[in-house]
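# Structural features, examined
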Amino acid sequence: MTVDDVAASRDFFITHFGYAEAMAADGFVSLTHPDGGVSLAIHRRGLPVLPDDLREQTSRGIIVAFTVTGLEAHQDRLRAAGVPITLPLREEPWGERLFMVADPNGVPVELVEWATPPAGDA
């Protein structure tokens with residue numbers, strides 16, 4: 001993801017989602033999670049190593065989504081930490097329960113719990 005304030009996004013994902021900094025350089029940080037899964041690469045907008053057509057853009061149209069259990073507890077934990085809930089907890093007709101927050105750079109983060117397993121999951 002490309003943002004204006006790399007440190008703010010880094011700190012958000014470390015503090016609220018348990019990520020750890022794996023490597024960092026000027027305008028860049030790579031985050032990993034101790035449980036494995038998806039790593040996050042966060043770049044500062046304008047960084048010369050980014051492709052020309054992406055260099056001045058911030059991440060738009062991307063949603064970082066985490067599948068969790070105990071959705072209400074996650075909402076309570078984030079709210080207690082002062083993280084604004086940008087989309088209140090809701091349940092979709094297909095069984096997805098979710099709510100959303102945003103990192104300090106405005107990157108949407110969705111926490112989702114399936115009431116029933118999605119098709120194809122065992």
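An account of the accompanying structure is given in this report.

## Some thoughts on the overall build of the chain
Regarding its fold elements, the chain presents two helices and eight strands. Order of helices (α) and strands (β) in the chain, N terminus to C terminus: β-α-β-β-β-β-α-β-β-β. The C-alpha extent of the chain, read off along each of the three principal axes, is 45 × 30 × 25 Å. The 122 residues of the chain split such that 35% are buried. Sequence separation of at least 24 residues holds for 42% of the intrachain contacts in the chain that already meet a minimum separation of 6. In the structure as shown, the chain presents an accessible area of about 7,000 Å², 54% of it carried by carbon and sulfur atoms. On the chain, the mean spot of the 9 positive side-chain charges and the mean spot of the 18 negative ones are 5 Å from each other.

## Quick look at the sheet that holds strand β1 (residues 2-3)
Here we have four strands laid out as an open sheet, ordered β1-β4-β3-β2, and mixed in their pairing. The outermost strands of the open sheet, each flanked by one partner alone, are β1 and β2 (20-25). Here β2 pairs with strand β3 (residues 28-32) via five bridges, running antiparallel. Bridge pairing in β3 places A20 opposite T32.

## So, the nonpolar core
Counting residues in hydrophobic clusters, the biggest one holds 22 residues, and the most contacted among them are M1, F13, F17, F66, V109 and L111. Counting residues per element, the ones that place at least two in this core are α1 (6-17), β3, β4 (40-44), β5 (64-67), α2 (71-80), β7 (96-102) and β8 (108-114). Counting residues per element, this core draws most heavily on α1, which supplies four residues. Residues in contact with F13, not counting those within four places in the same chain, are M1, G18, Y19, L31, L40, V64, F66, D103 and V109.

## Describing α2
What α2 keeps buried is the set L71, Q75 and L78. Seen along its axis, α2 keeps its buried residues to an arc of 70 degrees; they face one direction. Across α2 from its buried face, at more than 90 degrees, point the exposed residues A73 and A80. Against α1, β6 (85-91), β7 and β8 lie the buried residues of α2. Following α2 by one or two positions, G82 has its phi on the positive side, about 85 degrees.

What counts and how
- Residues numbered from 1 in each chain as written.
- Predicted model: local features only at pLDDT ≥ 70, side-chain atom pairs only at ≥ 80, totals over all residues.
- Heavy atoms only, no water.
- Helix = DSSP H or I, 4+ residues; strand = E, 2+ residues; numbered from the N terminus.
- Buried < 20%, exposed > 50% of the residue type's maximum accessible area, 1.4 Å probe, protein only.
- Contact = heavy atoms within 4.5 Å.
- Areas by Shrake-Rupley, 256 points an atom, 1.4 Å probe, with all protein chains shown as cover.
- Lys, Arg positive; Asp, Glu negative; His and termini not counted.
- Charge placed at Lys NZ, Arg CZ, Asp CG, Glu CD.
- Pairing = 2+ DSSP bridges.
- Core = buried A, V, L, I, M, F, W, Y, C linked by side-chain atoms within 4.5 Å.
- Arc of directions from axis to C-beta.

Shape descriptors only; they carry no functional weight alone.
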